[in-house]
Amino acid sequence: MRFRGALSVLALVLLAGCGGDGSTTTVTVRETVTETAASSVPTETPVMVALYFLDDGKVWPEQRGIVSRPDIATVTIHQLFEGTENAELTTAIPQGTTLQSLAIDGGVASIELSPALTERKALAQVAYTLTQFDTVKRVSFNGGRPMGRPA
């Protein structure tokens, strides 16, 4: 586009120089440049995941948008540990619980937490949150026997 504009200006200057009467002609050429913003960064669309909290003592999902990543299960657990802003929901997961490791193999999510969870409701919150993913059927807590959702 700029090359064509330069050629146009050159042609106009040459034509103006051929006047023969010795007068100077000024030619103004406006070039319109249109730039398209090309983004090399892909747009990240959040996927909806369920974080399981407690509503009247029963596990209850709260939907959240999380950017899809290979470690989405880990990100989801971290979100679960951060809690909820919904005043009607509570958690049995003790404040300060941290994720030490999470590995998914053969449909079993092996999760290491500190401190280890012992309360059934807290275990259920984590198990329900992880088993929403197609790759997880059961959850093993700190090397224990894998558990899944009730049928």
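If you're wondering where the values come from, they're calculated on a predicted model, not measured in any experiment.

(A) Just the side chain of Thr-97, in detail. Inspection of the secondary structure assignment puts Thr-97 in the loop between α2 (72-82) and β3 (98-105). Only 2.7 Å separates the side chain of Thr-97 from the backbone oxygen of Pro-94, close enough to count as a polar contact. Discounting chain neighbours no more than four positions away, the residues touching Thr-97 are Phe-81, Leu-113, Ser-114, Pro-115 and Leu-117.

(B) Quick peek at helix α3 (residues 120-131). Taking 1.5 Å per residue, 12 residues should reach 16 Å; α3 reaches 16 Å between its end C-alpha atoms and fits that length. The element α3 is extensively covered by neighbouring structure, given that 10 of its 12 residues are classed as buried. Among the residues making up α3, those that are buried are Ala-122, Leu-123, Ala-124, Gln-125, Val-126, Ala-127, Tyr-128, Thr-129, Leu-130 and Thr-131.

(C) Geometry of unusual backbone geometry. Cis geometry marks the peptide bond from Ser-114 to Pro-115, where omega comes out at -10°. Within the secondary structure, Pro-115 sits in the loop between β4 (108-114) and α3. At Asp-56, a position not held by glycine, the phi torsion is positive, near 60°. By the element assignment, Asp-56 lies in the loop between β1 (46-55) and β2 (58-67). Since its relative accessible area comes to 77%, Asp-56 is described here as exposed. In this structure, Asn-142 is a non-glycine residue whose phi angle is positive, near 45°. Residue placement: Asn-142 occurs in the segment after β5 (138-141). Looking at Asn-142, the relative accessible area reads 31%, which means it is partly exposed.

(D) Summary view of the pattern of salt bridges. One pass over the full model with this rule turns up 2 salt bridges. Two residues, Arg-69 and Asp-71, come together in a salt bridge whose shortest N-O distance is 2.8 Å.

(E) Seen up close, the pairing of β2. With 10 bridges joining them, β1 and β2 adopt antiparallel strand pairing. By the bridge assignment, Val-49 is partnered in β2 with Arg-64. The loop that links β1 with its antiparallel partner β2 comprises 2 residues; one of these, Asp-56, has a positive phi angle of about 60°.

(F) Summary view of the layout of surface pockets. By volume, the largest pocket amounts to about 210 Å³. In terms of lining, the largest pocket is formed by 14 residues, of which the most central are Arg-120, Lys-121, Ala-124, Tyr-128 and Met-147. At the level of elements, β2 and α3 are the ones that each hand at least two residues to the lining of the largest pocket. Take the lining of the largest pocket: its biggest share by element is 6 residues, from α3. Of the residues in the lining of the largest pocket, the class split is 8 nonpolar, 2 polar and 4 charged.

The rules behind these values
- Chains are numbered independently. Their residues run from 1 in the order of the written sequence.
- Under the rules for a predicted model, residues below a pLDDT of 70 receive no local features and side-chain atom pairs below 80 are neither given nor counted, while totals for whole chains, interfaces and linings still include all residues.
- Neither water nor hydrogens contribute to the side-chain values; these are computed over all heavy atoms in the structure.
- Helix and strand assignments follow DSSP, with helices taken as H or I runs no shorter than four residues and strands as E runs no shorter than two, numbered in order from the N terminus.
- Polar contact is defined as a pair of N or O atoms within 3.5 Å, subject to the rule that within protein one atom must be able to donate a hydrogen and the other to accept it, and that residues adjacent in sequence are counted only when both atoms are side-chain atoms.
- We call two residues in contact when some of their heavy atoms are within 4.5 Å.
- Here, expected helix span is obtained from the residue count minus one, scaled by 1.5 Å.
- Relative accessibility decides the category of a residue: with a 1.4 Å probe and only protein chains considered, values under 20% of the type maximum give buried, values over 50% give exposed, and everything between is partly exposed.
- The working definition used for a salt bridge is a side-chain nitrogen of Lys or Arg within 4 Å of a carboxyl oxygen of Asp or Glu.
- For two strands to be treated as a pair, DSSP must find no fewer than two bridges joining them.
- As defined here, a cavity is a set of points on a 1 Å grid over the protein atoms alone where a 1.4 Å probe fits but cannot get out. A pocket is an open set with protein on both sides within 12 Å along at least five of seven lines, and residues line them when an atom is within 4 Å of a point.
- Grid points are joined across faces, edges and corners, and a volume is the space filled by probe spheres set on the points.
- Under the grouping applied here, Gly and all other residues not named as nonpolar or charged are polar, the nonpolar ones being Ala, Val, Leu, Ile, Met, Phe, Trp, Tyr, Cys and Pro and the charged ones Asp, Glu, Lys and Arg.

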